[in-house]
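Summary of the model geometry
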Amino acid sequence: MKKRFNKYFPPLFILGEVVVLTIIFFIALYVAFGSFELNVPYSYAFIVYILLWPIFSYVNKDYNIGRAVSYNNTFKKAFASVFIFVSSISLLWLFVAGEEINRQFIMALVLFLFLWLTIYRVFVHLALDRYRAFGGNIRYAAIVGYDKLGFKLFDLLKKKPHYGIRSQGIYFEGKPSESRAYKYPQMGSVEELIEDKFKDYDFIYISDSLSQEIKDRVIEVADFYAKKVKLLPEIKTDALKTFVLRRYESIAVIDVNNLPLDHGLNRFAKRAFDIVFSGFIVVFVLSWLYPLLAILIKRDSKGPVLFKQWREGKDGDYFLCYKFRTMIVNSQADTKWASPDDPRMTKIGAFLRKTSLDEFPQFVNVFLGQMSVVGPRPHPISLNDQYKFTVQKFAKRHEFKPGVTGLAQSMGYRGEITDYYQMNSRVKLDRFYLQNWSFLLDMKIILLTMLGIAKGQEKAY
């Protein structure tokens, strides 16, 4: 069954992609020309396009969907594959079809590739998880080490059947253990595993707490049977949740506080979304909203349309944050924060703050690369100075760009900050966001923010 799956899944996966790519090509043709007809240059372009992808996908092993891989990783890998593929075929089309390829066609093709090929990959990942959960494509694991590390892995494999890894119990070093035997079945001693049962398993997981002699013997026998060995390291701190293992020649080094957005591909994906999203808002919303609100703001009170304030951004760099002005011009704008029933608030300003429309100019900041759509909210500099030495790990929130909205705001922490506990709660959520960033988390935060605005929650600064 194992060999049959490994034999048939990769070609079926790539065949499915070819079908999706073919449909996308002809839809892009229809968008550009209102017809599915292939003329000569597009015939050549289609041949290059449809022949190159299977080779690229197979060499890149895009069909290799890991057993404990998140959907976010699948999304990122699909995004990277499409980016490289589009770059390659664009260069080839220059030689094959020259300037005869329509720009509108190329833009539609690229957009549909990013959207639908990613959806196809995530759908296959979901289907494969369901298949494994119901007993298909199963691998059997021997857990060696009757201790906390072995127990945690055993519990995890039981809890996550979609990994497709099954374990019936745990092997122990030395004599059988009397404690916890009722909960964690004992499969026998390591000696029994080595002498008789190695061939029954696909993976061997070894607890790092075992003696070095036992670990060396298990690895030696595993090499003889060509079995994969995986070490369960004894990590005793939550700081290693986002670790990256590196090797400096013979020395192993662990980066203990890496963030998902430290990776170039993640930053590229987030920035690409920021450009598309903010560009859409600027072109299709601010283009008519700005002049309309400018008239209302000017009629309501004297002063500029926009309120500009220096805020602290990534790595402590300052930038001018834009908002529609919601108050009368006053000398306390940088020292006294807005509060409910603030006498400085204008009538149109109260409406703008309640609906969060005053934040829309910040999409210009996003487009310019000073902010992101989602991230820790940028505070006024004086507010940061007030708390940065008292709130634990306050500086961590400045390791990436600030956002128009953030996890703290989507969870209801919106409005005036009056004490240490309010700021501390928001900073904790900001750190959680940066440590657990994913594209799907950004989408969830945007949705929750929109729901919060619809419910009329008080806005943040």
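Relevant structure appears above.
Residues numbered from 1 in each chain as written. Predicted model: local features only at pLDDT ≥ 70, side-chain atom pairs only at ≥ 80, totals over all residues. Heavy atoms only, no water.

1. Considering the environment of Tyr-413
For Tyr-413, the position within the fold is in the loop between helix H12 (407–410) and helix H13 (420–435). Judged by relative accessible area, Tyr-413 falls into the partly exposed class, the value being 34%. With twelve residues separating them in the primary sequence, Tyr-413 and Ser-425 have C-alpha atoms 8.2 Å apart. In contact with Tyr-413, not counting residues within four places along its chain, are Ala-408, Ser-425, Arg-426 and Leu-429. (Helix = DSSP H or I, 4+ residues; strand = E, 2+ residues; numbered from the N terminus. Buried < 20%, exposed > 50% of the residue type's maximum accessible area, 1.4 Å probe, protein only. Contact = heavy atoms within 4.5 Å.)

2. Some details on a nonpolar patch on the surface
A contiguous nonpolar patch, built from Tyr-8, Leu-12, Leu-15, Val-19, Ile-23, Ile-27 and Val-31 and spanning about 640 Å² of accessible area, is present on the exposed surface. Locating Leu-12 in the fold gives a position in helix H1 (residues 2–33). Assessed through its relative accessible area of 56%, Leu-12 is described here as exposed. (Patch = residues over 30% accessible without salt bridge, like charges linked within 9 Å, V, L, I, M, F, W, Y side chains within 5 Å. Areas by Shrake-Rupley, 256 points an atom, 1.4 Å probe, with all protein chains shown as cover. Salt bridge = Lys/Arg side-chain N within 4 Å of Asp/Glu carboxyl O.)

3. Notes on the packing of aromatic side chains
Summed over all chains, the structure comprises 32 aromatic pairs. When the ring of Phe-75 is compared with that of Phe-79, the centres are 6.1 Å apart and the planes differ by 40°; the resulting orientation is tilted. With Phe-75 and Phe-79 both in helix H3 (residues 71–96), this residue pair falls four residues apart, about one helical turn. Residue class for Phe-79 comes out buried when judged on its relative accessible area of 12%. For the pair Tyr-146 and Phe-151, a centre-to-centre distance of 4.9 Å together with 85° between the ring planes defines the contact as edge-to-face. Taken together, the ring pairs connect Phe-75, Phe-79, Phe-83, Phe-114, Phe-268, Phe-273, Phe-277, Phe-360, Phe-363 and Phe-439 into an aromatic cluster. Cation over ring: Lys-230 sits above Phe-203, and NZ or CZ is 5.0 Å from the ring centre. A cation over a ring is seen here: Arg-397 above Phe-394, with NZ or CZ 5.8 Å from the ring centre. (Phe/Tyr/Trp six-rings, centres within 6.5 Å; stacked < 30°, edge-to-face > 60°. Lys NZ or Arg CZ within 6 Å of the ring centre and 35° of its normal.)

4. Details of the nonpolar core
Soluble globular proteins tend to pack their nonpolar side chains together in the buried interior. Ile-297, Phe-324, Leu-352, Val-373 and Tyr-433 are the most contacted members of the largest nonpolar core, which totals 37 residues. Residue contributions to this core peak at nine residues, all from helix H8 (residues 264–300). If we ignore the near neighbours within four places in the chain, the residues touching Val-373 are Phe-273, Asp-274, Phe-277, Phe-363, Val-366, Gly-403, Val-404, Thr-405 and Ile-446. In this structure, Phe-5, Ile-24, Leu-29 and Phe-46 belong to the second largest nonpolar core, which totals 33 residues. (Core = buried A, V, L, I, M, F, W, Y, C linked by side-chain atoms within 4.5 Å.)

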